Amino acid sequence: MSHEIRARATASPAVPSAADLAARRLRKLSLIWAALIVPATVLAGIVALTAENAATCVEYGDGCGSTPGYAYVVSLALAAVAFVVAQSTTHARVARTAFRVQYGAEAVFVVLVMTTFG
């Protein structure tokens, strides 16, 4: 029994590798970008409402953008899946790829919102 306690006391804690630190940093960045999608969407909506034909589109439904609704849903779904992958993986390369996909999908969504009335 005392041998087991002594072995636990002398065991050194595991030192995280550089890949683990990189994966942790990418998870943090992914979380930050996921949190920033809401303010970015609000800002993009305000910018979209400043377009010339925004009033005509809102009041009468004429002159609205021709982007289909599924493009918005697909970009958000892709960003959500990439976010889950980036948060759940421990491999730096997979986390980096998932973060890039998430960033790109969120950027596409914000651009689609900005061109709603265009």
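Please read these numbers as outputs of a predicted model, since none were measured by experiment.

A. Looking closely at the overall build of the protein chain. Helix and strand counts for the protein chain stand at five helices and zero strands. The order of α-helices and β-strands along the protein chain, N terminus first, is α-α-α-α-α. Counting over 118 residues, the protein chain shows a buried share of 22%. Excluding contacts between residues fewer than 6 apart, the proportion of contacts in the protein chain whose partners are at least 24 apart in sequence is 80%. Carbon and sulfur atoms form 69% of the exposed surface of the protein chain, whose accessible area is close to 8100 Å².

B. Representation of helix H2 (residues 18-49). The terminal C-alpha atoms of H2 lie 46 Å apart, and with 32 residues this matches the ideal 46 Å at 1.5 Å per residue to within 8%. Ile 37 marks where H2 bends most, by close to 35°; the proline Pro 39 follows one to four residues later. All buried positions along H2 are accounted for by Ala 23, Leu 26, Ser 30, Ile 37, Ala 44 and Ala 48. Against helix H3 (54-60), helix H4 (69-88) and helix H5 (92-114) lie the buried residues of H2.

C. Just the side chain of Glu 106, in detail. Mapped onto the elements, Glu 106 comes out in helix H5. No salt bridge is formed by the buried Glu 106; the nearest opposite charge belongs to Arg 100, separated by 14 Å. When near neighbours in sequence (up to four residues on either side) are disregarded, Glu 106 contacts Trp 33, Ala 34, Ile 37 and Ala 79.

D. Up close: the packing of aromatic side chains. Across all of its chains, the model carries three aromatic pairs by this definition. Between the aromatic rings of Trp 33 and Tyr 103, the centroid separation amounts to 4.9 Å while the plane-to-plane angle is 75°, which identifies the pairing as edge-to-face. Taken together, the positions of Trp 33 in helix H2 and Tyr 103 in helix H5 put the pair 70 residues apart, joining distant regions of the chain. Relative to Phe 109, the ring of Tyr 72 lies with its centre 6.2 Å away and its plane at 85°, an arrangement referred to as edge-to-face. Here Tyr 72, found in helix H4, pairs with Phe 109, found in helix H5; they are 37 residues apart in sequence, far enough to count as distant. No difference in accessibility class separates Tyr 72 from Phe 109, as the two residues are buried. By the ring-pair criterion, three or more aromatic residues cluster together here, those being Trp 33, Phe 99 and Tyr 103.

Rules behind the numbers
Residues numbered from 1 in each chain as written. Predicted model: local features only at pLDDT ≥ 70, side-chain atom pairs only at ≥ 80, totals over all residues. Heavy atoms only, no water. Helix = DSSP H or I, 4+ residues; strand = E, 2+ residues; numbered from the N terminus. Buried < 20%, exposed > 50% of the residue type's maximum accessible area, 1.4 Å probe, protein only. Contact = heavy atoms within 4.5 Å. Areas by Shrake-Rupley, 256 points an atom, 1.4 Å probe, with all protein chains shown as cover. Expected span 1.5 Å × (residues − 1). Bend = angle between axes of the 7 residues up to and from the residue. Lys, Arg positive; Asp, Glu negative; His and termini not counted. Salt bridge = Lys/Arg side-chain N within 4 Å of Asp/Glu carboxyl O. Phe/Tyr/Trp six-rings, centres within 6.5 Å; stacked < 30°, edge-to-face > 60°.

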